[in-house]
Amino acid sequence: MSDDLPPRGRCQVENQIIWDVVVSPLFEENAYIVRLAQRRECFIVDPGFDAHEIISFLHRRQLLPEAILVTHGHVDHIAGVGQLKMCWPDVPVFVGLGDAAKLADPYANLSATFGFPIQSPPGDRLLVDGERFSVAGISILAREVPGHSRGHMVFICEERSPAAVFVGDVIFAGSVGRTDFEDGDFRQLVESIERVLWPMPDDTVLLPGHGPPTTVGRERRTNPYLSGSRIW
């Protein structure tokens, strides 16, 4: 496994897949803009409180969004969906079936808890575990990884080598997603990580919703919340 991981915020070009990171100043949440080299079509993963910067970036680069992918329905990952839909009303929102109701519910998406209730546009395509789809020319596998949120999805770009996974708040570099929300469950989160992420090769790149990228191998060996994994 290589430890030469790309930093946040810098454009990545490997095997023709490019991602750029826009970090929201509130919650330090990562929104990803993903595309193939030499193409204008792209998709956005988890637009939070950074919609203006995302829109500016897309206009500057003359990119055409084809989808908005939501890993889970917490406010810091969906706050920008409405502004993006105002600019591109026909761009569909992909979200896991188990978290779809959170988008329009300020209490379920936690925005009311923080004092600024937000209702996001609804999901246009509700995903189930194991569903495959293609957007902006990139093939994606959606896997359900509950624990931080009941319907949390991760999005796996399998055709990239090594694979890249947009993991939302499932796992971070040296940590895992908090599980003290209403539908959180730490045991379920650990089991989900073992089931979905640990079978992947060590060099699989994990792109989290907060903080820098990491790899499956690094987290399997050193993550203090997962070091007692039963299987690996």
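Preceding block: the structure.
Within every chain, residues take consecutive numbers counted from 1 along the sequence as written. Local features in this predicted model are restricted to residues of pLDDT 70 or higher, and side-chain atom pairs are both shown and tallied only at a pLDDT of 80 or more, whereas totals for entire chains, interfaces and linings draw on every residue. As a convention, hydrogens and water are excluded, and side-chain values are obtained from all of the structure's heavy atoms.

**Q** Now, about the state of the cysteines: what can you tell me, with residues and values included?
**A** For this text, the term disulfide refers to a pair of cysteine sulfurs within 2.5 Å. Considering all chains together, one arrives at zero disulfides under this definition. Not engaged in a disulfide, the cysteine cysteine 157 finds its nearest cysteine sulfur in cysteine 42; these two sulfurs lie 13 Å apart.

**Q** Provide a residue-level description of the side chain of arginine 220, including the pertinent values.
**A** To qualify as a helix, a DSSP run of H or I must reach at least 4 residues; to qualify as a strand, a run of E must reach at least 2; elements of each kind are numbered from the N terminus. Residue placement: arginine 220 occurs in helix 5 (residues 216-222). On the basis of relative accessible area, arginine 220 is assigned to the buried category, the value being 18%. Here tryptophan 198 takes part through its backbone oxygen, which lies 2.6 Å from a polar atom of the side chain of arginine 220. Relative accessible area decides the class of each residue, using a 1.4 Å probe on protein chains only: under 20% of the type maximum gives buried, over 50% gives exposed, and in between gives partly exposed. Each polar contact in these results corresponds to two N or O atoms within 3.5 Å; when the atoms are within protein, one needs to be able to donate a hydrogen and the other to accept it, and residues that are neighboring in sequence are counted only if both atoms are side-chain atoms.

**Q** Any chance you could break down unusual backbone geometry for me, citing the residues and the numbers?
**A** For the peptide bond that leads from serine 161 to proline 162, omega is 0°, which places it in the cis range. Looking at the element boundaries, proline 162 is found in the loop between strand 10 (153-157) and strand 11 (164-168). Even without glycine at this site, glutamine 38 takes up a positive phi of about 70°. Backbone geometry places alanine 136, a non-glycine residue, at a positive phi of 55°. Inspection of the secondary structure assignment puts alanine 136 in the loop between strand 8 (132-135) and strand 9 (138-144).

**Q** Got a sec to walk through the sheet that holds strand 14 (residues 205-208)? Specific residues and values, please.
**A** Strand pairing is assigned whenever DSSP detects at least two bridges linking the two strands. Pairing is mixed across the open sheet formed by six strands, whose spatial order is 8-9-10-11-14-15. Because the sheet does not close on itself, it has two edges, and the strands there are strand 8 and strand 15 (214-215). As paired elements, strand 11 and strand 14 share four bridges and run parallel to each other. If you follow glycine 168 over to strand 14, its bridge partner there is proline 208. Along the sheet, helix 4 (residues 186-197) makes contact with strand 9, strand 10, strand 11 and strand 14, crossing strand 9 at roughly 145°. Note on definitions: a residue-residue contact is assigned when non-hydrogen atoms from the two residues lie within 4.5 Å. Only C-alpha atoms enter the line fits that serve as axes; for helices the fit covers just the stretch in contact. Angles between N-to-C directions range over 0 to 180 degrees.

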